[in-house]
Each structure stands twice: as structure tokens, then as C-alpha cells.
Amino acid sequence: MTYCVALLLDQGLVLASDTRTNAGVDQVAIFPKMNVFEVPGERVITLMTAGNLAITQAVINRLREALKLSEGINLHNVTNMFDAAQLVGDQLRAVYEQDNEHLKNHNTEFSASILVGGQIQGEQPRLFSVYAAGNFIETSQETPYFQIGETKYGKPIIDRVVTHDSDIMEAVKCVLISFDSTIRSNISVAAPIDLLIYRTNSFNADCKQRLTESDPYYTTVRQGWSDGLRQVFAGLPNPDWC
């Protein structure tokens, strides 16, 4: 399974993904699910993937091959983020046409979701969620984030804390707590966590971290959150019904 979350804020984007892939309890591996396409000073486009690993890797490889060929539309020459999301959706459809019948023959579902976030010079940062069918939606002021994969455990803290005008480093803290909640409740999601902080109009992807279970800051946040929850819970009154 997978957990990826992306937040679009006034100050920029916060994007994070786990790295666990498993096909059974004894087939666990680490694969990056975050892919950055960058033209320093001009654009940063980040894709995070969930679903069938072979499908999502095929999409990413097709996008990278288009860059090598330097022909036609690719993520380094699309004019805006909407077109970038459209291109990702087109490649998903192409992989579907290629693989879906074969997957059906093996009783396997065509499963893939991709978050596309970034900024291209001339517009503000934008964030899209692309579905397996290749269609997509964009964030709004009221809903400034997307999740894909194992979403239910990490959603409550984001809903309670994050708004479009949240401080970007506060949002990072919230995202890590969201990951801790998910990892505690679902064995199929695990560190290392790939984290990218993109500040509006910076046009570089320099602030990227890979956080392990033993990372000092991640450990501090996890422990502080657990201790704080226990203290708040202990301070709540007991019911007086009986």
C-alpha cells in the first residue's frame, strides 16, 4: 500500500510520500513514489504515485523518455500546470490501452492514482489529483490538499489543522503527524518518508528530505504528539451517566 499527501498553501507546496511497497507479508521493498521534474529557475513539477507499481512506473518512464527525445509535448515545455496534469492523464490512458486487457486476464485491476503539484513561471503553484481513467481535479481554497493510497488514518489531523493560509512549516509538522498516525495503524505504510517543501516563486526543488524512523526531528514530533494526546485524554472528564 501507499500513503501520499500534498498541500497547496499561500506560501507554497508540501508534498510527502512513503516508500513501502508490498505484495504480501514476506514481499516488502522500498521504492520511491515521488518524482521531481525540474527546470531550475523556470519550473518545478512533482508527481507522487499510488496503486499498481508497474503501472505507475510505466507512466513515469514514458514521461522521462519524452524528455530524452525532446520531441512533442513534455513536462519541460508544457505552458501551465493544467497542461502538465493533462499530459500525465494522457500517459495513464496510454498505459491502460497497453496493459488493461493483460491485467484482466490475470484478474488484476488497473489501479493508479497520481498527484501532480508544482509551479511553472507565469502562474501560481497548483495541485491536481489524477485518477486511473486519466481525468483529474484541482484543489480549492476550501480543500487545499489531496491524499492518495491509505488515506483514512492521516486525514483527521489535516482536516483539523491545515487551511490554505497555514504557515508552511506548521503544515510540514502536520503532515508528519499524519504519517505517524497512518504508520501506527497500517503495516503496509512505512518510513522512509520522502518530503519536499516548495516555496512559491522559488522555482527549485532544493528542500527535499528523506526521513527515516530514527530521524531526530521526526522522532521528536512523533513522541510529542503521543505524549500530548495522552495528556489531553487524561484531562477529559469521565461520563457521569451511571
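Further remarks concern the environment of aspartate 83. Mapped onto the elements, aspartate 83 comes out in helix α2 (residues 81-105). Its relative accessible area of 29% is what places aspartate 83 among the partly exposed residues. Put simply, aspartate 83 and serine 113 are 30 residues apart on the chain and 17 Å apart in space, counted from C-alpha to C-alpha.

In this section: the pattern of salt bridges. Summed over the entire model, instances satisfying the criterion amount to 15 salt bridges. Between glutamate 65 and lysine 68 there is a salt bridge, and its shortest N-O distance comes to 3.3 Å. A residue pair is termed a helical-turn pair when its members lie 3 or 4 positions apart in one helix, as glutamate 65 and lysine 68 do in helix α1 (residues 53-69) at three residues. Residue classification places lysine 68 among the exposed positions, given a relative accessible area of 64%. Note that lysine 155 is salt-bridged to aspartate 159, the shortest N-O span being 2.7 Å.

The terminal C-alpha atoms of helix α4 (residues 168-185), which comprises 18 residues, lie 26 Å apart, in line with the 26 Å expected from a rise of 1.5 Å per residue. With respect to burial, α4 is a largely interior element, 13 of its 18 residues being buried. Looking at where α4 begins, the residue whose side-chain oxygen comes 3.0 Å from the main-chain nitrogen of methionine 169 is aspartate 167.

Strand order in the open sheet made by the five strands is β10-β1-β2-β11-β12, with antiparallel pairing throughout. Of all strands in the sheet, those with a lone pairing partner are β10 (145-149) and β12 (208-211), marking the two edges. Each adjacent strand pair in this sheet contributes to an overall mean axis angle of 10°, direction not counted. Of the strand pairs in this sheet, strand β11 (residues 193-199) and β12 are connected by four bridges, and their pairing is antiparallel. Across the sheet, residue isoleucine 193 finds its bridge partner in β12, namely leucine 211.

About the criteria used
- Residues numbered from 1 in each chain as written.
- Predicted model: local features only at pLDDT ≥ 70, side-chain atom pairs only at ≥ 80, totals over all residues.
- Heavy atoms only, no water.
- Helix = DSSP H or I, 4+ residues; strand = E, 2+ residues; numbered from the N terminus.
- Buried < 20%, exposed > 50% of the residue type's maximum accessible area, 1.4 Å probe, protein only.
- Salt bridge = Lys/Arg side-chain N within 4 Å of Asp/Glu carboxyl O.
- Expected span 1.5 Å × (residues − 1).
- Polar contact = N/O pair within 3.5 Å; in protein donor to acceptor, adjacent residues only side chain to side chain.
- Pairing = 2+ DSSP bridges.
- Axes fitted to C-alpha atoms, helices over the stretch in contact; angles between N-to-C directions.

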